[in-house]
Amino acid sequence: MADTHAEEANLARLSYSDFLKRQAEEARRNRKFPVPTVCKLAIVFCVLWFLAIFAYQEALLLSEAAIVNILSSVSALFTLVLAAVWPSGPGDKFTLSKFLAVLLSLGGTVMVCLSDAELELKFPAGSMWAIVGAVAYALYLVTLKRKVSDDRQLDVPMFFGFVGLFNVVILWPGLLLLHYTKLESFQIPDSTQWLLMLANGLIGTVLSELLWLWGCFLTSSLIGTLALSLTTPLTMIFDIFIKNITYNWMFYVGVGPVFLSFLLVTALSHYDNWDPALVGLKKLTKCITRSLQHARLREMDTETRQHLISSAKSSD
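Participant: Can you walk me through the overall build of the protein chain in this structure?
Facilitator: Helix and strand counts for the protein chain stand at 15 helices and 0 strands. Residue burial in the protein chain is summarised as follows: out of 316 residues, 33% are buried. Put simply, 84% of the contacts in the protein chain that link residues at least 6 apart link residues at least 24 apart.

Given below as structure tokens:
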């Protein structure tokens, strides 16, 4: 049955009051936020978005891109916890299977870090900035999804336009602060740097963030966060062929769980947050309990037979 026919059949089974409620809910979802509302949302989230992007770029300066992207996948754990505390829909439900999938992703992250421990020991600040960016991304995504329940309500390009505008208007004094404290010296970029900044801003920031946020609205915050780890193979290829960086077997083995965790969470969300890990744990617990009960019954039966035999011998 087609999706449209299934939806019509479902609506036909509803009572009149429930049908009106469904229509009102659909009308609310399809209604776009007005420009002032989008503007207010952009003001609230521009700082979090800037912190996430700034931390990620700082991490790239201090560590290799592949390491930074793998460490950024730690945001899945923060997203799982925050989405469970402040859910925005049924896809944010906490399940044991999702938790194990996130732990699987983190296990891959640990293996990757161990595979390149010398680099991380030399540049520890890169890892710290990557973790800060991961926390900021989780807060930004979970809070925004809670404010906007459906992608049809928010004009995403307009939202990002306002975010960029407020970053320029509100945060530009930070340039002077960094310059005069000599943390970062401000210099006018040359033509090559302007070209690279433009390409990075349009493709690496605006386009990627736009597609990523749309994907988060269409799926769930956890899937969107785990999807960030899929940039790992591309960064590995660039690091290997452009920078001539070599990684040992632990790096490649650690990447596998990151991919597997994304596929697992996607499948679990597709089947209405099915929790096979919990189901399996319950069955295992039931089997262990039944085995213990059977063992206890056999032990009691043996004790009873021995008692009856002893009683029979004593009576003789």
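Participant: Can you walk me through the nonpolar core in this structure?
Facilitator: The tendency in soluble globular proteins is for nonpolar side chains to be buried as a group. Tyr140, Leu144, Leu154, Phe159, Phe160 and Leu213 are the most contacted members of the largest nonpolar core, which totals 26 residues. Secondary-structure elements contributing two or more residues to this core are α3 (35-62), α8 (124-147), α9 (156-171) and α11 (191-218). A per-element tally of this core places α3 first, with 8 residues. Apart from residues no more than four positions distant in its own chain, Phe160 is found in contact with Trp49, Tyr140, Glu209, Leu210 and Leu213. Core analysis: the second largest hydrophobic core is formed by 13 residues, Ala59, Leu71, Ile245 and Val255 among them.

Participant: Sorry, what's going on with α9 here?
Facilitator: In an α-helix there are 3.6 residues to a turn, and that puts residues three or four apart on one side. The terminal C-alpha atoms of α9 lie 21 Å apart, and with 16 residues this matches the ideal 22 Å at 1.5 Å per residue to within 8%. Of the positions making up α9, those classed as buried are Val156, Phe159, Phe160, Phe162, Val163, Phe166 and Asn167. The buried residues of α9 occupy an angular sector of 160° when the element is viewed end-on, so they sit on one face.

Participant: Would you mind going over the side chain of Thr95 with me for this structure?
Facilitator: Residue position: Thr95 is located in the loop between α5 (75-85) and α6 (96-115). Overall, the relative accessible area of 3% leaves Thr95 in the buried class. At 3.2 Å, the side chain of Thr95 and the backbone nitrogen of Lys98 are in polar contact.

Participant: Sorry if this is basic, but what is going on with empty space enclosed by the protein here?
Facilitator: Over the atoms rolls a probe the size of a water molecule, and its path tells where empty space is left. Using the criterion set out here, one finds 1 cavity of 30 Å³ or more in the structure. Of the residues belonging to the lining of the largest cavity, the class tally is 3 nonpolar, 1 polar and 3 charged.

Participant: Help me understand a nonpolar patch on the surface, please; the structure alone is not making it clear to me.
Facilitator: Judged by side-chain polarity, Trp172, Leu175, Leu176, Tyr180, Phe186, Ile188, Trp194 and Met197 come together as a nonpolar surface patch covering roughly 970 Å² of accessible area. Within the residue set of the nonpolar patch, elements represented by two or more residues are α10 (173-180) and α11. Relative accessible area serves as the criterion here: at 47%, Leu175 is assigned to the partly exposed category.

Participant: Any chance you could explain the packing of α3 against α11 here in plain terms?
Facilitator: For any two helices packed against each other, the geometry is given by the interaxial angle and the distance between the axes. With their axes 13 Å apart at the nearest point, α3 and α11 run at an angle of 130° to one another. The angle between α3 and α11 falls in the class oblique. Like other packed secondary-structure pairs, α3 and α11 cross with a definite hand, here right-handed. Residues Trp49, Ile53 and Gln57 of α3 pack against Asn200, Thr205 and Glu209 of α11.

Participant: Where do I start with the side chain of Ser75 in this structure?
Facilitator: Within the secondary structure layout, Ser75 lies in helix α5. For Ser75, a relative accessible area of 0% puts it in the buried group. For Ser75, the residues in contact, after removing those within four places along its chain, are Ala134, Ala138 and Thr225.

Participant: Got a minute to help me understand the environment of Ile43 in this structure?
Facilitator: When you line up the elements, Ile43 lands in helix α3. Its relative accessible area of 41% is what places Ile43 among the partly exposed residues. The spatial distance from the C-alpha of Ile43 to the C-alpha of Ile170 is 9.4 Å, given a sequence separation of 127 residues.

Thresholds applied
- Residues numbered from 1 in each chain as written.
- Predicted model: local features only at pLDDT ≥ 70, side-chain atom pairs only at ≥ 80, totals over all residues.
- Heavy atoms only, no water.
- Helix = DSSP H or I, 4+ residues; strand = E, 2+ residues; numbered from the N terminus.
- Buried < 20%, exposed > 50% of the residue type's maximum accessible area, 1.4 Å probe, protein only.
- Contact = heavy atoms within 4.5 Å.
- Core = buried A, V, L, I, M, F, W, Y, C linked by side-chain atoms within 4.5 Å.
- Expected span 1.5 Å × (residues − 1).
- Arc of directions from axis to C-beta.
- Polar contact = N/O pair within 3.5 Å; in protein donor to acceptor, adjacent residues only side chain to side chain.
- 1 Å grid on protein atoms, 1.4 Å probe; cavity = no way out; pocket = protein on both sides within 12 Å on 5 of 7 lines; lining within 4 Å.
- Points joined across faces, edges and corners; volume = space filled by probe spheres on them.
- Nonpolar A, V, L, I, M, F, W, Y, C, P; charged D, E, K, R; others polar.
- Patch = residues over 30% accessible without salt bridge, like charges linked within 9 Å, V, L, I, M, F, W, Y side chains within 5 Å.
- Areas by Shrake-Rupley, 256 points an atom, 1.4 Å probe, with all protein chains shown as cover.
- Salt bridge = Lys/Arg side-chain N within 4 Å of Asp/Glu carboxyl O.
- Axes fitted to C-alpha atoms, helices over the stretch in contact; angles between N-to-C directions.
- Parallel < 35°, antiparallel > 145°, perpendicular 65-115°, else oblique.
- Left-handed = near helix turned anticlockwise from the far one by under 90°.

Function cannot be read off these values alone, since they describe shape.
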